Amino acid sequence: MNYDTLLQWVSERGSGSLTSFRQAYDWLTPAGADTDHWTWALQSLQALGHIEVDWDRRRWEVAPSTVATIVGGGGYALLCGARPRWFLRRLGSLATDPDLEHLADSIVLERPVPQDHGPCLRLMTLDEGAEAAEVCAALGVAYSPFAADQLLRLLPSLTDMLRAGRREETSLPGGVFPTRMGLGEPGRPVFAEIPDQDCTVPGAYCMALFDTRRYFYLHRPGDVFEAGRGEVVYAELRRRGRHVLRWDSGDGSLLVPSRFRLPQLYERAAVLRTGLLPGAETIAMPPGPALFLRYRNIDRAFAEYLGRQLGQQLAEPPAEMEADNDSRA
Amino acid sequence: MVPDERAWSEALRSWFFRPDLAGRSAYLAVDEETLTAIAREQCFDVLDATQSLCRVVRYRVSPRSPLGWWVSEAIRWRAAGSESGPPFLSVLALTVLAATIDDGANDRRYYRRMNKLLGLPGDTMPRDFYSDIQQLWTYLNEWLTETCQGQLGTATATNVGGQANVGWAQSQTLLRPSDRVRLPLFFTALGAHPGQLVKGDLLVRRLRSWSAGERTFSQRLAAVLKDPSLSELLAAALHSELAHWDGTLRDEAGRVALKLLLAFHERSGQLQAAVQVPEQLAGTEWQSGPDTRVSLGAAGELQLVNVPVTADLMDGLPRRTEFSGPDISGPGHRVRNHPSTITLVMPRRDVHLLCPDDRLARWVDVPSALLQRPHLVLVRSELAAAAVAVIAELGDAARPFRRIRCPSGWAAFRFAPTRLAVIDGPLAALSPRGTELSALEGGLPISQRTRIYLTDGAPDLVLDLREQSGLVTVDGAEASPDTVGRVRLADLGLSAGRHSVNVGGVRYQVTLVDEFARGPRDAGFSFAFNVRESPGGTATIPVGVSAAARHGPSDVMVSGAAIAASPAAMTRAPLPRPARVRVGGRHFVLGRPGQVVMANVQPPQWLRSLPVRLAPHLADVAPALRGLPFAPEWLLRVAQSGNTVSALPAGPQIHDGLSAANSSAALWLQVLPYIAGAVAETGEAALWSQWQQAALDAR
């Protein structure tokens, strides 16, 4: 699966229906290849800050080309959003650009860094933030200093995220297959069928249509909120008092059970700390092995703030983790 | 009023050549039924419209030069600039009417009927008819093309392939209005696109197989399809119809009709009607009876409409609706000259195929089956047994579906096709691609309408199942399809530019581009939050639902990694200012004079583990400050290029004395010379000078 070609297509085209995205993704998928579901790929591109999706209108749009600096970034900045040819060409030829040649020694577009399940990471060497701002202004693209930290601090809390989706109707809407979030044990579906079809019990619900799903959180009977999957999952975890996030002091990374993938914008904040999608690894811990997503370059303060916003207390991973890397489900 | 010859000519013009036909084929498709409709619309005081037209035309016919009067009128009209409508449509209409003989047309039959209509004796060609009729049709074509610039419809009269002079009239009557209404369904079944150029003889062959067993085409068209001498004329007509098709369904008068689709709500078991809103009708409301109100949304949207699904509706019975407003012009609403009435019609089909569609959360009509997708099949009961056999041929056995409230006379099955096969007749739609022409599929389209693709994303050519033996050429070079009838153009190494693909009678032009975006793009969809006061300070709250959408300005706008925040919002998120230092050389953390430890400044761990070797030139200082035995004030870097210092911000470092071993008087003495020559960053020079002096004094 060539995610770089997918991102180039997204960047040159600019916008489209979700059907067009799915068709492009399917066409790029080699026959018989075991690749991610198309919505997972879509969510990954969102987390990387490349596209935005309006699920109600079933449309996607590429995000503005953005140069984002990073805390703990070693003097590099990320290229996020659209990566059309003109943008990469101009960044790669500053030395011959009459407007920007004076920056050619201090701003260098590095070689692409390949990553699994997503387009290459593109890093740009910077000396000073002011130079990044100057080059962005000259090219007409966005400059986002310390985007991950800025975003995290500006995000509404989980409660406010949910409140925005309060439904006027006091009941859950009809769906083809209503399911409710269970205990979320590893190896079992997070959302399971409701044997008694009772949709009045507080909890997180998923109503499947055909290709897409809608998520709801029932706070108490008659008090219903619609939000993204991550929001309702973490609301339910908070209601149950379950704390699932772990911070690994060994390498400064955040571990998130893959079945409890973070709410979209919180995940984006974590991903923008490196521009890399989280690696997946199986970790042996009680009650059994579980698949975790590892978000890197996350310091403790960042992880704690993120956890607080989601009603989570951080735990350390087990002292002796047995990790089986890249065993993505 | 009692119409005279001029009134009839003008009435014919306004019926057959109208502004709403601009750019589309216009036919003088006269038959007795149409003449009656025209007379009614014009409020002509006549008992028999055909007789009325004959009477006014015969008045001008003379045995010596039957069409001479109209030829003279036409010459004067042209000399005057052709500004009014053609003054000879009345006589052309009668020559066309004569061609509407269902039992086959030969010269003798045609002239017998035409002479009778004109009031002439015999069954041979009238005098000078050869040159006169050619002149009048040519004038009509020139008027449509040159004077009107196609704004009242494009010219279609021709005698190519027809029977000499009779061909002109036949070219106007090959397709009855009732046949033309069904052509969009035929084109849709072929998978053809509006404006596509397809060879007419291929379309004729496909129309023969598509209409096999159907009872919905006119006897006239059925006869034309069997007559080889008319095939060329029909081929030209079909080619032109497809080339000028705008993708809409129209009624017999050529007005846009609203095509109803079947939708099925699984939980309630109810069949409903849906529409895909045509651009011309976006944003309008229509009323049909006291209970049926249809409000149409934006162009291209799929929506449910309040029209009960009955057996009559599924048999193609049209419903008239009256315009009830409002006349909206806004985003997605491009209504300007909307009609006062429109027809709602669910085209009559013997089989409906419904696929899951998330837009409506229902099963919705599709033109033909899709490979490997689940379908709900509604088939007329008399064809149910045949459908079960076809379904078994194309996939697993048909599974009857009973939890559906469908009108009597229909049966329902579940069906997931796994194979391709050519199926003729009314059940052809059950076969995926079974009726479709060779088509471009997949790829990475920048614009599907104009067929622009990324160079790395040239589409696949999928061959027509019925005509797989045809030669495939790409830019004139032969290309070989794979075993499933597909040519992956992306594997041919085509460069950026225009490319021509030919297969059978279907021709495509594809443009490949390395780049398409020309400059920066503003944020479209974004997340928007507003700042509000809260007990703990300020909080951000989502504007609307917490999803990306188009928003007006708010305190915080997030699109990808681009963040725009108001000053009020920025108080929540002051920019972090992590202390950073160049890597390379040796680093020392300085506290008060006399306090020093060597710092292990390393590039971030995550960067060192990347699959591509990078050479980070900066490192955050914070990790090097953990566990210091004193409060750090300066970071000294000793390098060949010179010694520099930078001030360290007061932070929450924990001074636990654990690293005391690294701090010693010996190290201080060793570092002092570097301190003496170290230069501070701009803005910190005075402070450093003060500290430096104190350190040197303390020696």
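Just so we're clear, the structure is a prediction, and the values are computed from it rather than from any experiment.

### A word on the overall build of chain A
Broken down by element type, chain A carries 10 helices and 20 strands. The C-alpha radius of gyration computed for chain A amounts to 21 Å, which stays within 12% of the reference 20 Å derived for 329 residues, consistent with globular compactness. Overall size of chain A, expressed as C-alpha extent along the three principal axes, is 70 × 45 × 40 Å. Taking all 329 residues of chain A together, 59% fall into the buried category. Of the contacts made within chain A by residues no fewer than 6 positions apart, 64% connect residues no fewer than 24 positions apart. Of the roughly 12500 Å² of accessible surface on chain A, a fraction of 48% belongs to carbon and sulfur atoms. A gap of 6 Å separates the mean positions of the 35 positive and 43 negative side-chain charges of chain A.

### Brief notes about the overall build of chain B
Within chain B, the regular secondary structure consists of 19 helices and 36 strands. Relative to a compact globule of 699 residues, whose C-alpha radius of gyration would be 27 Å, chain B shows 39 Å and is clearly more extended. Seen along its three principal axes, the alpha-carbon backbone of chain B occupies a region of about 135 × 65 × 60 Å. Buried positions account for 52% of the 699 residues belonging to chain B.

### What about the pattern of salt bridges?
Residue and element names in this part refer to chain B. This model, assessed by the stated rule, comprises 38 salt bridges over all chains. Note that Asp350 and Arg348 form a salt bridge whose closest N and O atoms lie 3.0 Å from each other. Here Arg486 and Asp460 are joined by a salt bridge, their closest N and O atoms 2.9 Å apart. Note that Arg486 is positioned in strand S23 (residues 486-488) and Asp460 in strand S20 (residues 460-462), a separation of 26 residues in sequence. Assessed through its relative accessible area of 25%, Arg486 is described here as partly exposed. Accessibility expressed as a relative area gives 3% for Asp460, which makes it buried. Here the residues in one salt-bridge network are Glu441, Asp460, Arg486, Arg488 and Asp491, joined through shared partners.

### Some remarks on the environment of A:Leu100
Residue and element names in this part refer to chain A. Residue position: Leu100 is located in the loop between helix H4 (85-92) and strand S6 (108-109). Note: C-alpha distance between Leu100 and Val135 (35 residues apart in sequence) is 7.1 Å. Discounting residues that sit within four places of it in the chain, Leu100 has contacts with Arg90, Leu94, Val135, Ala138 and Leu139.

### Looking at empty space enclosed by the protein
The full count for this structure, using the stated rule, is 5 cavities of 30 Å³ or more. Reported here for the largest cavity is a volume of approximately 60 Å³. Along its surface, the largest cavity is lined by A:Leu48, A:His50, A:Leu78, A:Leu79, A:Cys80, A:Arg83, A:Gln115, A:Pro119, A:Cys120, A:Leu121, A:Arg122 and A:Gly275. Along the lines of polarity and charge, the residues of the lining of the largest cavity split into 7 nonpolar, 3 polar and 2 charged. Surrounding the second largest cavity, B:Leu202, B:Ser438, B:Asp464, B:Glu467, B:Val503, B:Gly504, B:Gly505 and B:Val506 form its lining. Partitioning the lining of the second largest cavity into residue classes produces 3 nonpolar, 3 polar and 2 charged.

### Here we look at the interface of chain A and chain B
Listed per partner, the contact involves 85 residues of chain A and 78 residues of chain B. Interface area, chain A with chain B, both sides summed: about 6700 Å², of which 60% is carbon and sulfur. Our count for the contact surface shared by chain A and chain B stands at 4 salt bridges. Ionic pairing is found between B:Glu515 and A:Arg89, a salt bridge with its closest N-O pair at 2.5 Å. Taken together, the connections running from chain A to chain B amount to 23 residue pairs in polar contact (both at pLDDT 80 or more). Of the residues that constitute the side of chain A that touches chain B, the class distribution is 39 nonpolar, 24 polar and 22 charged.

### Here we look at the environment of B:Glu467
Residues and elements named next belong to chain B. Note that Glu467 resides in the loop between S20 and strand S21 (472-474). Taking the C-alpha atoms as reference, Glu467 lies 30 Å from Leu261; in sequence the two are 206 residues apart. Excluding residues that lie within four positions of it along the chain, Glu467 makes contacts with Leu202, Arg205 and Arg206.

### Thoughts on the sheet that holds strand S32 (residues 596-599) of chain B
All names here are of chain B. With mixed pairing, 5 strands are arranged side by side in an open sheet as S32-S31-S34-S35-S36. Among the strands making up the open sheet, the edge pair consists of S32 and strand S36 (679-680). Pairing analysis gives 6 bridges linking strand S34 (residues 634-639) to strand S35 (residues 642-647), with the strands arranged antiparallel. Counted as the bridge partner of Leu635 is Ser646 from S35. Against the sheet, helix H18 (residues 665-677) touches strand S31 (586-590), S32, S34, S35 and S36, its axis set at about 100° to S31. Of the strands in this sheet, S31, S34, S35 and S36 touch helix H19 (residues 685-697), which is tilted by about 85° from S34.

### Topic: the nonpolar core
With 108 residues, the main nonpolar core has B:Trp8, B:Phe17 and B:Phe88 as its most contacted residues. Sort the elements by how many residues they give to this core and helix H7 (residues 129-147) of chain B lands first, with 8 residues. Core analysis: the second largest hydrophobic core is formed by 73 residues, A:Ala68, A:Tyr76, A:Leu276 and B:Trp606 among them.

### Some details on the pairing of strand S5 (residues 76-80) of chain A
Residue and element names in this part refer to chain A. Counting buried residues in S5 gives 5 out of 5 residues, a clear majority hidden from the surface. Relative to S5, strand S4 (residues 66-69) runs antiparallel, the two being bridged by 4 bridges. Counted as the bridge partner of Thr66 is Cys80 from S5. With 3 bridges connecting them, S5 and strand S9 (residues 123-125) associate as antiparallel partners.

### Considerations on the environment of A:Arg294
Residue and element names in this part refer to chain A. Mapped onto the secondary structure, Arg294 falls in strand S19 (residues 290-295). Residue classification places Arg294 among the buried residues on the basis of a relative accessible area of 10%. It is 19 Å that separates the C-alpha atoms of Arg294 and Leu42, two residues lying 252 residues apart in sequence. A polar contact is formed between the side chain of Arg294 and the side chain of Asp251, at a distance of 3.4 Å.

### Comments concerning the packing of H4(A) against helix H5 (residues 129-139) of chain A
Residue and element names in this part refer to chain A. Running from N to C, H4 and H5 point in directions that differ by 135°, and their axes come no closer than 12 Å. It follows from the interaxial angle that H4 and H5 lie oblique. The two elements H4 and H5 meet at a crossing, and its hand is right-handed. Residue-level inspection shows Trp86, Phe87, Arg90 and Leu91 of H4 in contact with H5, the latter providing Val135, Ala138 and Leu139.

### Thoughts on H7(B)
All names here are of chain B. With 19 residues, H7 should reach 27 Å at 1.5 Å per residue; the first-to-last C-alpha distance of 25 Å fits that figure. Among all positions of H7, only Phe129, Asp132, Ile133, Leu136, Trp137, Tyr139, Leu140, Asn141, Trp143 and Leu144 are buried. Among the structural elements, helix H1 (5-16), helix H4 (68-79), helix H5 (89-97), helix H6 (107-118) and helix H8 (166-173) are those in contact with the buried residues of H7. The first or second residue beyond H7 is Gln149, which carries a positive phi of 55°.

### What to know about the sheet that holds S5(A)
Residue and element names in this part refer to chain A. On the basis of which strands lie adjacent, the open sheet formed by 5 strands has the order S6-S9-S5-S4-S10 and mixed pairing. Strand pairing shows two members of the sheet lacking a second neighbour, S6 and strand S10 (142-144), which therefore form its edges. With 3 bridges connecting them, S4 and S10 associate as parallel partners. Of the residues in S10, the one forming a bridge with Val67 is Tyr143. On the sheet, H5 packs against S4, S9 and S10 and is oriented at approximately 160° with respect to S10.

### Describing the confidence of the model for chain B
The predicted structure's coordinates, where accompanied by low pLDDT, should not be read in detail. Residues and elements named next belong to chain B. For chain B, the mean per-residue pLDDT works out to 84, and 93% of the residues sit at or above 70. When the criterion is pLDDT under 50, residues 328-336 qualifies, and its contacts beyond four places in sequence or with other chains add up to 19 contacts. Predicted as a complex, the structure gets a pTM of 0.77 and an ipTM equal to 0.93.

### Here's the deal with unusual backbone geometry
In most cases, non-glycine residues show a negative phi, while peptide bonds are predominantly trans. All names here are of chain B. Within the chain, Cys43 stands out as a residue other than glycine whose phi angle is a positive 60°. If you trace the backbone, Cys43 turns up in the loop between helix H2 (32-41) and helix H3 (49-58). Located in the positive-phi region is Asp475, a residue other than glycine, with phi close to 55°. Summarising the element assignment, Asp475 is placed in the loop between S21 and strand S22 (477-478).

### Remarks on the side chain of A:Asp97
Its place among the elements puts A:Asp97 in the loop between H4 and S6. Polar contacts involving the side chain of A:Asp97 include one to the main-chain amide nitrogen of A:Asp99, which spans 3.0 Å.

Basis of the calculations
Residues numbered from 1 in each chain as written. Chains lettered and ligands numbered in written order. Predicted model: local features only at pLDDT ≥ 70, side-chain atom pairs only at ≥ 80, totals over all residues. Heavy atoms only, no water. Helix = DSSP H or I, 4+ residues; strand = E, 2+ residues; numbered from the N terminus. Rg over C-alpha atoms; globule rule 2.2 N^0.38 Å. Buried < 20%, exposed > 50% of the residue type's maximum accessible area, 1.4 Å probe, protein only. Contact = heavy atoms within 4.5 Å. Areas by Shrake-Rupley, 256 points an atom, 1.4 Å probe, with all protein chains shown as cover. Lys, Arg positive; Asp, Glu negative; His and termini not counted. Charge placed at Lys NZ, Arg CZ, Asp CG, Glu CD. Salt bridge = Lys/Arg side-chain N within 4 Å of Asp/Glu carboxyl O. 1 Å grid on protein atoms, 1.4 Å probe; cavity = no way out; pocket = protein on both sides within 12 Å on 5 of 7 lines; lining within 4 Å. Points joined across faces, edges and corners; volume = space filled by probe spheres on them. Nonpolar A, V, L, I, M, F, W, Y, C, P; charged D, E, K, R; others polar. Buried area = accessible area lost by both parts, 1.4 Å probe. Polar contact = N/O pair within 3.5 Å; in protein donor to acceptor, adjacent residues only side chain to side chain. Pairing = 2+ DSSP bridges. Axes fitted to C-alpha atoms, helices over the stretch in contact; angles between N-to-C directions. Core = buried A, V, L, I, M, F, W, Y, C linked by side-chain atoms within 4.5 Å. Parallel < 35°, antiparallel > 145°, perpendicular 65-115°, else oblique. Left-handed = near helix turned anticlockwise from the far one by under 90°. Expected span 1.5 Å × (residues − 1). pLDDT = per-residue confidence, 0-100.

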